[in-house]
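# Coordinates in review
If you want the building blocks of each chain, they are given just below.
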Amino acid sequence: MTVTGRKQDGDEARLLGGLADERASVRLRAALAIGSAPRPDFVGALVERCAVEPEFSVRDMLTWALTRHPVPLTLPALLRELGSQRPQARSQALHTLSKIRDARAYPAITTALLTDADDEVARSAWRAAVVLVPEGGEAALVAVLVTQFGRGPLETRRSLSRALAGLGEVIVPARRATDGAADPDIRAHALATERLLRDPDSGFEGAVEEAKRVVALGGSGREG
């Protein structure tokens, strides 16, 4: 082995070790360095670290580093993670797929992921699906997403509404089909989503409060 080869192997070992360092600053620098000089051997370690990394800033850098590697290497590794038993592995893989934006990943975003019991996984699935859905597939995606109206805390509901609003007018018929839902939270969430579609600059919380008032008065809030 040449001196250059030994040095490269040593640098790789140092960077891979840095990903597991107890200090977040070291992990961050290691991910940055790996993304700045991508090598095929890094992909598996990056994906594995995404599944357990506790710091948001480091996870974000890990995702960036993965986007710097060839898609033929990263895509299969990320798709395998979608079947992981660890919620963070699933959510981070979905997040990274949304950044890579390769449409071949879309069939792997199943109904099970879009309705995952873990809110972070579901939110990541919603965002990825909206980015990757092929032309003509929007209505089928909407049909699944609207089943999640009324789910979770405000932040989860905001994520769903933004995802649906990003799909445009195709959401309106499915949204309005919820007007007869027995649960007022579902009706209010659905109505707030349509309001967000009509006025993207409006705050979600304000849209929800207005929707709740309309629902309490027995209205549907339909325009036109």
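Before any of the text, the structure's been laid out above.
Our subject in this report is the structure included herewith.

Here we take up the packing of helix H12 (residues 184-198) against helix H13 (residues 204-216). Between H12 and H13, whose axes approach to 8 Å, the crossing angle comes to 130 degrees. Regarding the angle of H12 to H13, the classification is oblique. Note on packing geometry: the crossing formed by H12 with H13 is right-handed. Seen from H12, the contacting residues are Pro184, Arg187, Ala188, His189, Leu191, Ala192, Arg195 and Leu196; seen from H13, they are Phe204, Ala207, Val208, Glu210, Ala211, Lys212, Val214 and Val215. The residue makeup of the contact of H12 with H13, split by class, is eleven nonpolar, one polar and four charged.

This brings us to unusual backbone geometry. Among all residues except glycine, the phi angle is most often negative; among peptide bonds, the trans geometry is most common. Despite not being glycine, Arg101 shows a phi value in the positive range, around 60 degrees. Considering the arrangement of structural elements, one finds Arg101 in the loop between helix H6 (87-100) and helix H7 (111-114).

Another aspect to go through is helix H2 (residues 24-36). Its 13 residues give H2 an end-to-end C-alpha distance of 18 Å, which sits within 8% of 18 Å, the value for a rise of 1.5 Å per residue. Among the residues making up H2, those that are buried are Val26, Arg27, Ala30, Ala31, Ile34 and Gly35. Summarising the axial view, the buried residues of H2 lie within an arc of 165 degrees, below the 170-degree limit, and thus occupy one face.

Rules used throughout
- Here the residue numbers are simple positions, counted from 1 along each chain's written sequence.
- The model is predicted, so local features are restricted to residues of pLDDT at least 70 and side-chain atom pairs to those at 80 or more, both for listing and for counting; the totals for chains, interfaces and linings are taken over all residues.
- Calculated side-chain values reflect all of the structure's heavy atoms, with hydrogen atoms and water omitted.
- To define axes, lines are fitted to C-alpha atoms, for helices over the stretch in contact only, and angles between the resulting N-to-C directions are given on a 0 to 180 degree scale.
- Strands here mean DSSP runs of E at least two residues long; helices mean DSSP runs of H or I at least four residues long; both are numbered from the N terminus.
- Roughly parallel refers to an angle under 35 degrees, roughly antiparallel to one over 145, roughly perpendicular to one between 65 and 115, and oblique to any angle outside these ranges.
- Crossings are assigned a handedness: left-handed for a near helix turned anticlockwise from the far helix by less than a right angle, right-handed for a clockwise turn.
- Residue contacts are counted whenever heavy atoms from the two residues lie within 4.5 Å of one another.
- Only Asp, Glu, Lys and Arg are considered charged, only Ala, Val, Leu, Ile, Met, Phe, Trp, Tyr, Cys and Pro nonpolar, and every remaining residue, Gly among them, polar.
- By definition here, a helix of n residues has an expected span of 1.5 Å times n minus one.
- Buried, partly exposed and exposed residues are distinguished by accessible area as a fraction of the type maximum, computed with a 1.4 Å probe on protein chains only: under 20%, between the cut-offs, and over 50%, respectively.
- Regarding the arc, it is the one traced by the directions from the helix axis to the C-beta atoms.

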